[in-house]
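Reading the structure
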Amino acid sequence: MGDDVVVSLDLSNYELLWPASLFISEGERVLRSTGSWQDRAIWLMTEALAGTTAVADFEDLPNHTAPTSDPWATTATGWGTKRAVMDQHDWFTELIRRAPELRHAAAPRPYWPQRRGNGLAHDGSTARDTRRDFARLIGEFADNGYLVEVFGEECIDDHSELPDPSDVIDRRLGIPDLWPLAPEAWGEDTFYGLIEVFHDLVSRPRTRRFHSYSGCGWHHSEFHNGPARVLYRWKINQLLREAGIEYELAAEGEDLGRLVAVTDDARSQLVHRALNDSPTDTTAGVRHAIALFRGRDTSAESKRSAIFNLARILEERRALIKQHLGKDEGALFEIANRFDLRHRRADQRGEYDEAFLDWIFWWYLATVELTNRLIASRSLA
């Protein structure tokens, strides 16, 4: 009857709108911050979790500015038992620690009109309009202050002139009058160009304050483009994937934030290892080769150049390859020398399907990654 009852954090009512890893990294930063960390925590939960349930639960807890020596407060209940209650700091700490357990928010199941209708929205447009969905996403980023650093923010007490968003975009993309966004007017190149431009423009405000005078509204500050771009890539790639568009924004490499061809998980992991594990003297060559090969505007000539860059790296490692493969190392270079890839001699073969270029690129990139591991193991020996 007199035993304490420990209250654990119930995650069942919370849903993530962000990648769990980003929520964790930003949450850990909040916990390391000083001053009004609670405001930062509330802003993070407002952005990263669906609905207001988590914020309401957080605000109902005891408010301590720092962890106490005994973080468990107790409250008396009926029958003489005591119920342990977390304070805000410990509750938020556990939420961040257990973030991988949170489920991601999903689009609601189709409602009656979508299940029984003809696939058209009330305005006659198709139910799946990727460009309009992109414009909506950008609107959400703008509402949350992610464009304030480049576009500025109106304040009733500040009469300075703000940048013209159309000019900001025009200077990067070379196309005028694109703001406000009008997706119905975009061609494919403009649409894809805007996807890449906004990747470079977004910046997450880690703090905000409400300016109540004359209904001025929220003002955002302490911007950082790193988490903003992670979130932007995650949301845009999800949008493209759901629309069946076989491009994604690159998360690393020379073409970071640019649209590249989608590959399977195994090849994506190969690219990741090649980009991150190559010795310093070859990193630039590997990055350039990957960017040449996977760009949205890649061509057969670009793929040949990508293979040439990888072959040059392998030539420099030929002794290492021969040491481990023996006489078979010659086969690795025979294709590059006999086919129209590097030297472009008259006696080279040039009539082959472009799929051959894909095959040789991935073979050479895998060999670069293999030799990276051989070099690393030799340095550890």
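Sequence order as written defines the numbering, with residues in each chain counted from 1. The predicted origin of the model limits local features to residues at a pLDDT of at least 70 and limits the giving and counting of side-chain atom pairs to 80 or more, whereas totals for whole chains, interfaces and linings rest on all residues. Hydrogen atoms and water are omitted, and side-chain values are computed over all heavy atoms in the structure.

As for the nonpolar core
To keep things clear, this is the line we draw: Side-chain atoms within 4.5 Å are what join buried Ala, Val, Leu, Ile, Met, Phe, Trp, Tyr and Cys residues into a set we call a nonpolar core. For each residue, the accessible area found with a 1.4 Å probe, counting protein chains only, is set against the maximum for its type, and the residue is called buried under 20%, exposed over 50%, and partly exposed in between. Strands here are runs of E lasting at least two residues and helices are runs of H or I lasting at least four, both read from the DSSP assignment and numbered beginning at the N terminus. The contact rule is simple, with two residues in contact once any of their heavy atoms fall within 4.5 Å.
By size, the foremost hydrophobic cluster in this structure holds 58 residues, and its most contacted members are W91, F92, L95, F134 and F198. Of all the secondary structure elements, the ones that give two or more residues to this core are α1 (20–32), α2 (37–48), α3 (53–59), α4 (88–97), α6 (130–143), α8 (165–173), α9 (188–201) and α10 (225–242). Ignoring any residue separated from it by four or fewer positions in sequence, one finds F198 in contact with F134, I138, L147, F151, I169, W179, L181 and Y232. L270, I321, I335 and W362 belong to the second largest nonpolar core, which has 27 residues in total.

With respect to the environment of W362
Along the chain, W362 falls in helix α16 (residues 355–380). In this structure, the C-alpha to C-alpha distance between W362 and L310, residues 52 residues apart in sequence, is 9.9 Å. The residues touching W362, leaving out its near neighbours within four places in the chain, are T263, R267, L270, V271 and F293.

Side note on unusual backbone geometry
Note that the residue after W179, namely P180, is joined by a cis bond; omega there is 0 degrees. Within the chain, S214 stands out as a residue other than glycine whose phi angle is a positive 55 degrees. Look at E222: it is not a glycine, yet its phi comes out positive at around 55 degrees. Take E222: it is sitting in strand β7 (residues 217–224). Here E222 falls in the partly exposed class, since its relative accessible area comes to 38%.

Observations concerning the side chain of R204
Selection criterion: Contacts described as polar in this section are N or O atom pairs within 3.5 Å, which, within protein, must combine one atom able to donate a hydrogen with one able to accept it, while residues neighboring in sequence count only if both atoms come from side chains.
Here R204 is to be found in strand β6 (residues 204–211). With relative accessibility at 3%, the residue R204 sits in the buried group. In terms of polar contacts, R204 uses its side chain to reach the side chain of E26, at 2.8 Å. Among all residues touching R204, those that are not within four sequence positions of it are W18, E26, W43, L44, E47, Y146, E222, F223, H224, P227 and A228.

Focus on the confidence of the model for the protein
Worth spelling out the cut-off: What pLDDT expresses is the predictor's confidence in each residue, scored from 0 to 100.
Here the protein shows a mean pLDDT of 87. Residues at 70 or above account for 84%. Taken together, the stretch residues 75–81 has pLDDT below 50 and engages in 12 contacts with residues farther than four places along the chain or on a different chain. Within the model, the stretch residues 119–128 combines pLDDT values under 50 with 12 contacts to residues more than four positions away or in other chains.

What about the environment of S221?
You can see S221 is positioned in strand β7. A distance of 2.7 Å separates polar atoms of two side chains, one belonging to S221 and the other to T207.

Thoughts on the pairing of β6
Heads up, the rule is: DSSP bridges decide pairing: two strands pair if at least two such bridges lie between them.
Direction of pairing for β6 relative to β7: antiparallel, over a ladder of 7 bridges. Bridge pairing in β7 links P205 to F223. Once β6 ends, the chain turns through 5 residues before running back antiparallel as β7, passing S214 with a positive phi of about 55 degrees.

Here's the deal with the pattern of salt bridges
Here is the rule: Whenever a carboxyl oxygen of Asp or Glu lies within 4 Å of a side-chain nitrogen of Lys or Arg, that contact is scored as a salt bridge.
For the structure on display, the rule yields 19 salt bridges. Put simply, R206 and E26 hold a salt bridge, and the shortest N to O gap is 2.8 Å. Placement of the pair is R206 in strand β6 and E26 in helix α1, with a sequence separation of 180 residues. The pair R206 / E26 is uniform in exposure class, with both members buried. Across the pair E94 and R97 runs a salt bridge whose closest N-O atoms are separated by 3.8 Å. With a gap of 3 residues between them, E94 and R97 both fall in helix α4, about one helical turn apart. The class for E94 is buried, based on a relative accessible area of 12%. The exposure class of R97 is exposed, given its relative accessible area of 60%.

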